[in-house]
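# Notes for the structure review
So you can see what is in the structure, the chains are spelled out below.
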Amino acid sequence: MKIAVVGGTGTAGSRVAALAQEQGHDVVVMSRSSGVDLVTGAGLAEALDGAQVAIDTSSPTPPDESMSRFDAVVRSARNLVHACVDAEVRRLVALSIANVEKPDFDTFSYYVAKRDQEETVRNSGLEVSVVRSAQWFEFAERSSAVSYEPDRVTAEDWYVQPIAVDAVAEVLVREATRRRARDVTIAGPEAVRLPDLVRRLLAARGDGRPVTVVEPPLPGFANGALLAGPGTEILGPNVAGWIAGRRSQLA
């Protein structure tokens, strides 16, 4: 099967591309570095030519200050859908965020943009699978909610049920290759506050920097609105297992 991985050099996309290749699929990695620009649509038609499935792991950013992040995400989703239809791509698998639909996040523009993205792909006429993922363990290492400074680490007080990005990649490839399209929501087995996750990660690395806790942008990030709901597929590892894996990778 020929699979186009949109955002194929990113945190999730690179793992999706590698896994799909390991399984014997013909993989096209789509990214700005390969000449594909989702925001403008440049290179999309050429990259999707002959693909049976597209997996969208992208996280579009504006080209400059004249465009908002919201507009970049929405425009990219529409460009991708139109290009998939024109290229006769059979299925589109879109990576989204668990609980993005909750009213707790109505004023958070990125989550509202992801809702629009979901609506766009569902109304495309393509076979669509939306994979809603909980926050990743990897957010503790690099994200807008965690800031690493030479003498300290600052972490927003998110209450999350994190999942490993490798598990996310496995689900995305699984849904791309299964017989029938469906939606799925995934999360890890254990809830944890993001500052505590950062502390445990630092301790495992022997890093003595203190972690300063700050309030998140919205109460919903801290009050449990991000935790797994009914019907969520729970995938390991747990916190201790993920940290042990990261420690062995860095040894």
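You'll find the structure just up there.
A brief report on the enclosed structure follows. All chains use their own residue numbering, which begins from 1 and follows the written sequence. Selection of residues for local features in this predicted model requires a pLDDT of at least 70, selection of side-chain atom pairs for listing and counting requires 80 or more, and totals for whole chains, interfaces and linings are taken over all residues. Derived side-chain values reflect all non-hydrogen atoms in the structure, with water molecules and hydrogen atoms excluded from consideration.

### Overview of the nonpolar core
The nonpolar side chains of a soluble globular protein tend to be buried with one another. Take the buried residues of types Ala, Val, Leu, Ile, Met, Phe, Trp, Tyr and Cys, join any two whose side-chain atoms come within 4.5 Å, and each joined set is a nonpolar core. Working definition: with a 1.4 Å probe on protein chains only, accessible area under 20% of the residue-type maximum means buried, over 50% means exposed, and in between means partly exposed. Formed by 32 residues in total, the largest nonpolar core has its most connected members in Y111, W158, L194, L197 and V198. Helix numbering and strand numbering both begin at the N terminus, where a helix is a DSSP run of H or I of at least 4 residues and a strand a DSSP run of E of at least 2. If you list the elements that add at least two residues to this core, you get α3 (69-87), α4 (109-122), β7 (153-156), α6 (194-204) and α7 (239-250). With six residues, α6 is the largest single contributor of residues to this core. Counting residues in hydrophobic clusters, the runner-up holds 26 residues, among them I3, V131, V168 and A169.

### A few points about the pattern of salt bridges
Here, a salt bridge means any side-chain nitrogen of Lys or Arg that lies within 4 Å of a carboxyl oxygen of Asp or Glu. The full count for this structure, using the stated rule, is 20 salt bridges. A salt bridge links R15 to D166; the nearest nitrogen and oxygen atoms lie 2.8 Å apart. With R15 in helix α1 (residues 11-22) and D166 in helix α5 (residues 165-177), this residue pair connects regions lying 151 residues apart in the sequence. With relative accessibility at 28%, the residue R15 sits in the partly exposed group. Taking relative accessible area as the criterion, D166 reaches 41% and is therefore assigned partly exposed. Across the salt bridge formed by R174 and E233, the nearest N and O atoms sit 2.9 Å from each other. Taken together, the residues R174 in helix α5 and E233 in strand β12 (residues 233-234) connect sequence positions 59 residues apart. Look at E233 and you get partly exposed, because its relative accessible area is 23%. What emerges from the salt-bridge pattern is a single network uniting E101, E118, R122, R132 and D183.

### Things to note about the sheet that holds β7
Pairing between sheet strands relies on hydrogen bonds along the backbone, with the strands arranged either parallel or antiparallel. As summarised here, the arrangement of the three strands in space is β6-β7-β11, forming an open sheet in which the pairing is mixed. Only two strands of the sheet have a single partner each, and these edge strands are β6 (146-148) and β11 (211-214). Geometrically, the sheet is characterised by an average inter-axis angle of 15° between neighbouring strands, direction not taken into account. In the sheet, β6 pairs with β7 via three bridges, with the strands oriented antiparallel. By the bridge assignment for β7, V146 is matched with A155. Following DSSP output, two strands are said to pair if at least two bridges run between them. Angular values range over 0 to 180 degrees, each being the angle between N-to-C directions of two axes fitted as lines to C-alpha atoms, with helices fitted over their stretch in contact.

### Points about α6
Among all positions in α6, only L194, P195, L197, V198, L201, L202 and A204 are buried. Residue G206 follows α6 closely and has a positive phi angle near 75°.

### A closer look at the sheet that holds strand β1 (residues 2-6)
Across the sheet, seven strands lie side by side as β2-β1-β3-β4-β5-β9-β12; this open sheet has parallel pairing. Single-partner strands in this sheet number two, and they are β2 (26-30) and β12. The sheet contact formed by strand β3 (residues 53-56) and strand β4 (residues 91-97) spans four bridges and is parallel. When the bridges of β4 are listed, A54 appears paired with L92. Two residues qualify as a contact provided that any one of their heavy atoms is within 4.5 Å of a heavy atom in the partner residue. Packed on one face of the sheet, α4 meets β3, β4 and β5 (127-133) and runs near 160° to β4.

### A closer look at the packing of α1 against α5
Contact geometry for α1 and α5: axes closest at 9 Å, N-to-C directions at 55°. Taken together, the axes of α1 and α5 lie oblique to each other. Of the two elements, α1 crosses α5, and the hand of that crossing is right-handed. Listed contacts from α5 to T11, A12, R15, V16, L19 and A20 of α1 are V165, D166, A169, E170, L172 and V173. Here the residues of the contact of α1 with α5 sort into eight nonpolar, one polar and three charged. Roughly parallel means an angle under 35 degrees; roughly antiparallel means over 145; roughly perpendicular covers 65 to 115; every other angle is labelled oblique. Working rule for handedness: look at the near helix, and if it is turned counterclockwise from the far one by less than a right angle, call the crossing left-handed; if clockwise, right-handed. In this count, Pro and Cys sit with the nonpolar residues alongside Ala, Val, Leu, Ile, Met, Phe, Trp and Tyr, while Asp, Glu, Lys and Arg are called charged and the others, Gly among them, polar.

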